[in-house]
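Examining the three-dimensional arrangement
Now for the letters of each chain:
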Amino acid sequence: MNTTNSIGIVRAQRAQFDTPLVFRSGAVLPRYELVYETYGKLNADKSNAILICHALSGHHHVAGVYADEPKNVGWWDNMVGPGKPIDTDKFFVIGLNNLGGCSGSTGPSSIAPETGVPYGASFPMITVEDWVESQARLADRLGIKQFAAVIGGSLGGMQALQWSLAHPERVRHVLAIASAPRLTAQNIAFNDVARNAILTDPDFHGGDYYQHGVVPTRGLRLARMLGHITYLSDDAMADKFGRELRTEQLNYGYDVEFQIESYLRYQGDKFAGLFDANTYLLMTKALDYFDPAHDFGGDMNKAFARSKSDYLVVSFTTDWRFSPQRSREIVQTLLHNRRNVSYAEITSTHGHDSFLMEHPHYFDVMRAYLDNVASEVSR
Amino acid sequence: MSKDMNMGKYLVSSAAERPDFAAIAAWIPNGASVLDLGCGDGSLLRYLKETRRVRGYGVEINDVDIVMCIANGVNVIQNDLESGLSDFEDNSFDFVILSQTLQATRHTEALVSEMLRVGREGIVSFPNFGYWKNRLNILRGHMPVSKELPYQWYDTPNVHLCTLQDFEMFCNRQRVAILDRRVMTGEFEMKLLPNLLGSTAVYRFQRGL
C-alpha cells in the first residue's frame, strides 16, 4: 500500500433541509444544513456508497486536502483514499459533519434564523438516533437507498450500529471500531467531569457565551485534557513521556515541569481554540444517551433482533475507554441474533486513539473485509 | 507480520484438501450451524459453507489467520480458546468442531466440556500418536516428526498428544458419548487395527448420560 496515495484535492459541499426534524427528546429543528464531502464515484446502481460517521471531535473532512489549505489533511486520510482499505477507487465515500457540530453543519454556534443570534443553549439535545435520521435524509438527497457499508470508530461506531437498527434494509455492512453498545457508568462519569469543567467556566454564560464575546476556553481545555488522558494508554504515555522533565531540574512550583503536563496543556489549548464548547457538551451527552436496549427493557439481544446487516467489530487491546470487552458485548449480541459477524482484537499500544492510526493488522483486517464488500457491488 | 500490506501474501485457499475435512463434512447436514474452534485460515468453514451451506463461525487467535478467514469470506471471532467460550450461549450450535487443535490445547478437559455446552454435538480430529510410524520413531529413539506431526520436540505446540484408545478412555471418564469415528491414513479409511494403522482420527460425540 502506498501511504502517500491521497485522494488529493477535495471540496466541502452543503445540503439544506427544510423539512422539520423531530428529535428523540421531542424538540423540533425546522430547518438545518449539513456539510459533507464525497470521494470516489457513485456507481450506476448506486450500490457502492460508504458512509463514514465521525467521533466526538470529528467532521466531514475525512480524506484529502483543500486547494487553498494544502496542509489541512482529512482526519482518516490513512484509511480512506485510492488503494487504501476504504478504497475510493471502488467505493463512493461520504463524510459529513454531524448536526450540532461546529465544522459547518447547523449547530449551537450557527445563527438561528428565528432570532438572528446563535442557537447556543437553545440548540436541541441531540442523540445518536437523531444523527442517523439526519444522515438518512442526506442519503435520500444523494439518491442512496442502501449503503454498502456504514463505518465509524468510537461514537462513530455507535452511529454505524444505530444505522443497522433504525434502517436495517439500508445497510449491508456495519464496521464498528473501538466502540461499545452503550457506555458504562465509568465512561459517563468521565463525560460528566468534562462537561462540568465547561458548565462551571464563568465564561460559559449558560451556553450563550457567543453574545458576550467570550469563549469558555478554560473549561473546554480541561475537558479535552481529561479526554486525552483517557484516549491514551498508560503504556503509551509512559513510552512517550515517562517522567521526563521540560527543564534540567525540579522547580517545586505549579508551572509545567513534566513533559506530559506540557503535552496535555498544548493539546487542550489547541482544541479549545478550534472547537465549540456547546458542541462538546452535545456530543458527550449523545454518547451517554446511546443505548439501543433502552426501548427493550434493557435487553440488547432484543434491540438487535431487527438488524439485517453483516458486521465487522474491531477493538484494540490497550483501549480502556472503549475496551475490547465492550466490543465483545456487541459481538455476543450479534451471535445471539445469528448475524454474520467477524471480530478482530488488534494488539496495539495506543489506547483508544489506535483506531485513527495506521497499524498493519488493523489495516489488513479492514482491507480484507472491504475487499469482500467491494466484490458484492458492481463497478 | 510484515509492514508490507499487500494482500497478495495472503494466499486464499480455495478448496479443502485435508482428508479429515471430507470426513467431517459427511457428518454435517445441509444448513447446520457450526462453530469451528481454532479455525486457522477458515478453509474448513469455507469448505462446509460451499458444500453444506452451513451457518458458521470460527474462533482463532492468530492475527494472520484472522485476516485469511475474513478474506475467505467466513465469520471469525478473534479470541483465545483457552479462556473459554463465554461469547457463545448454551446449545447455540448444531456442531462444535475442534479440527487438529485438541492436541495443542492446555485445558483439554474444560474445552471439551465447553464444546458440549455450546453445541449439540462435538467433532474433533487429531493426529493418532499410536500410529505405527510414530511408534517406530519412538522405538528408534526419536520423537515422531511427520506430515501430521510436523514439529520438533522443542518447538511443538502439541502438549496433549494421545492415541485413539486414550481419547476413548477420556470420553468415557468425561461422560462423553462417542457417536461415530473415522480413522484415516492419507485419504484412506482404516477399519483394521485403527489405533496402529491410522494416522488421523475424527470423532463425533455428544453429552453422555
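Residues numbered from 1 in each chain as written. Chains lettered and ligands numbered in written order. Predicted model: local features only at pLDDT ≥ 70, side-chain atom pairs only at ≥ 80, totals over all residues. Heavy atoms only, no water.

1. Thoughts on the overall build of chain B
Using the following cut-off: Helix and strand labels come from DSSP, where a helix needs a run of H or I of at least four residues and a strand needs a run of E of at least two; each type is numbered from the N terminus. We take the radius of gyration over the C-alpha atoms and set the globule estimate at 2.2 Å times the residue count to the 0.38 power. Burial status follows relative accessibility: with a 1.4 Å probe on protein chains alone, a residue under 20% of its type maximum counts as buried, one over 50% as exposed, and anything between as partly exposed. Using the Shrake-Rupley algorithm and a 1.4 Å probe, accessible areas are obtained, with residue cover drawn only from the displayed protein chains.
A count of helices and strands for chain B gives seven helices and eight strands. Over its C-alpha trace chain B gives a radius of gyration of 17 Å, about what one expects of a compact globule, namely 17 Å for 209 residues. Here the C-alpha coordinates of chain B stretch approximately 45 × 45 × 30 Å along the principal axes. The proportion of buried residues among the 209 residues of chain B is 51%. Total accessible area on chain B is roughly 10200 Å²; 53% of this is exposed by carbon and sulfur atoms.

2. Details of the interface of chain B and chain A
Accessible area lost during the coming together of the parts is what is often quoted as the interface size. Here is the rule we go by: A contact between two residues is defined here by any heavy atoms of the two lying within 4.5 Å. Accessible area that two parts lose when put together, evaluated with a 1.4 Å probe and summed over both, is termed the buried area. Salt bridges are counted wherever a side-chain nitrogen of Lys or Arg sits within 4 Å of a carboxyl oxygen of Asp or Glu. Pairing of N or O atoms within 3.5 Å defines a polar contact, subject to two protein rules: one partner must be a possible hydrogen donor and the other a possible acceptor, and residues neighboring in sequence count only if both atoms are side-chain atoms. Under the grouping applied here, Gly and all other residues not named as nonpolar or charged are polar, the nonpolar ones being Ala, Val, Leu, Ile, Met, Phe, Trp, Tyr, Cys and Pro and the charged ones Asp, Glu, Lys and Arg.
Tallying the contact residues gives 25 residues for chain B and 28 residues for chain A. Counting each side, the surface lost to burial between chain B and chain A is near 2200 Å², with a carbon and sulfur contribution of 52%. Put simply, chain B and chain A have one salt bridge between them. Its salt-bridge partner being Asp 87 of chain B, residue Arg 328 of chain A comes within 3.2 Å of it at the nearest N-O pair. For the interface between chain B and chain A, the tally reads twelve residue pairs in polar contact (both at pLDDT 80 or more). For the side of chain B that touches chain A, the secondary structure elements donating two or more residues are strand S2 (55–60), helix H3 (63–71) and strand S3 (75–78) of chain B. Across the side of chain B that touches chain A, the residue classes tally to 13 nonpolar, seven polar and five charged.

3. A short note on the pattern of salt bridges
All told, the structure shown has 26 salt bridges over all chains when counted by the stated rule. Of the charged contacts in the structure, one is a salt bridge between Lys 90 of chain A and Asp 371 of chain A, with a shortest N-O distance of 3.1 Å. Of this pair, Lys 90 of chain A sits in the loop between strand S7 (86–87) and strand S8 (92–96) while Asp 371 of chain A sits in helix H10 (residues 360–376), and the two are 281 residues apart along the sequence. By relative accessible area, Lys 90 of chain A is classed as partly exposed at 24%. By relative accessible area, which is 29% here, Asp 371 of chain A ends up partly exposed. Arg 181 of chain B is the partner of Glu 168 of chain B in a salt bridge, and the nearest nitrogen-oxygen pair spans 2.8 Å. Remark: Arg 181 of chain B occurs in strand S6 (residues 176–185) and Glu 168 of chain B occurs in helix H6 (residues 164–173); sequence separation between them is 13 residues. Judged by its relative accessible area of 32%, Arg 181 of chain B is partly exposed.

4. Details of a nonpolar patch on the surface
Residues and elements named next belong to chain B. Threshold: Residues with no salt bridge and a relative accessible area higher than 30% make up the patches, which join like charges within 9 Å and nonpolar side chains (Val, Leu, Ile, Met, Phe, Trp, Tyr) within 5 Å.
A surface patch of nonpolar side chains, amounting to about 520 Å² of accessible area, comprises Ile 138, Met 143, Trp 153 and Tyr 154. By the secondary structure assignment, Tyr 154 is in the loop between helix H5 (132–139) and H6. Given a relative accessible area of 58%, Tyr 154 falls into the exposed group.

5. Quick word on the nonpolar core
As a reminder of what qualifies: Throughout, nonpolar core names a set of buried Ala, Val, Leu, Ile, Met, Phe, Trp, Tyr and Cys residues whose side chains join them through atoms within 4.5 Å.
In this structure, Leu 99 and Tyr 280 of chain A together with Leu 37 and Phe 167 of chain B are the most contacted members of the largest nonpolar core, which totals 101 residues. Broken down by element, the residue count for this core peaks at seven residues, all from helix H7 (residues 277–289) of chain A. With residues up to four places along the chain from it excluded, the contact list for Tyr 280 of chain A reads Leu 56, Ala 194, Ile 198, Leu 220, Ala 223, Arg 224, Tyr 231, Phe 271 and Phe 275 of chain A. Core analysis: the next-biggest nonpolar cluster, separate from the first, contains 62 residues, Val 373 of chain A together with Ala 23, Ile 28 and Val 54 of chain B among them.

6. Some details on the packing of helix H1 (residues 19–27) of chain B against helix H2 (residues 43–52) of chain B
Residues and elements named next belong to chain B. Counted only if it meets this: Only the stretch in contact is used when fitting a helix axis, every axis being a line fitted to C-alpha atoms; angles between N-to-C directions are given from 0 to 180 degrees. Should an angle fall under 35 degrees it is called roughly parallel, over 145 degrees roughly antiparallel, and 65 to 115 degrees roughly perpendicular, with every other angle called oblique. The sense of a crossing depends on the near helix, which, turned anticlockwise from the far helix by less than a right angle, makes the crossing left-handed and, turned clockwise, makes it right-handed.
In contact at an axis separation of 10 Å, H1 and H2 are set at 45 degrees when each is read in the N-to-C sense. Taken together, the axes of H1 and H2 lie oblique to each other. Pair H1 / H2 crosses with right-handed handedness. Every residue of H2 that contacts H1 at Phe 21, Ala 22, Ile 24, Ala 25 and Ala 26 is listed here: Ser 43, Leu 44, Tyr 47, Leu 48, Thr 51 and Arg 52. In terms of residue class, the contact of H1 with H2 is made up of eight nonpolar, two polar and one charged.

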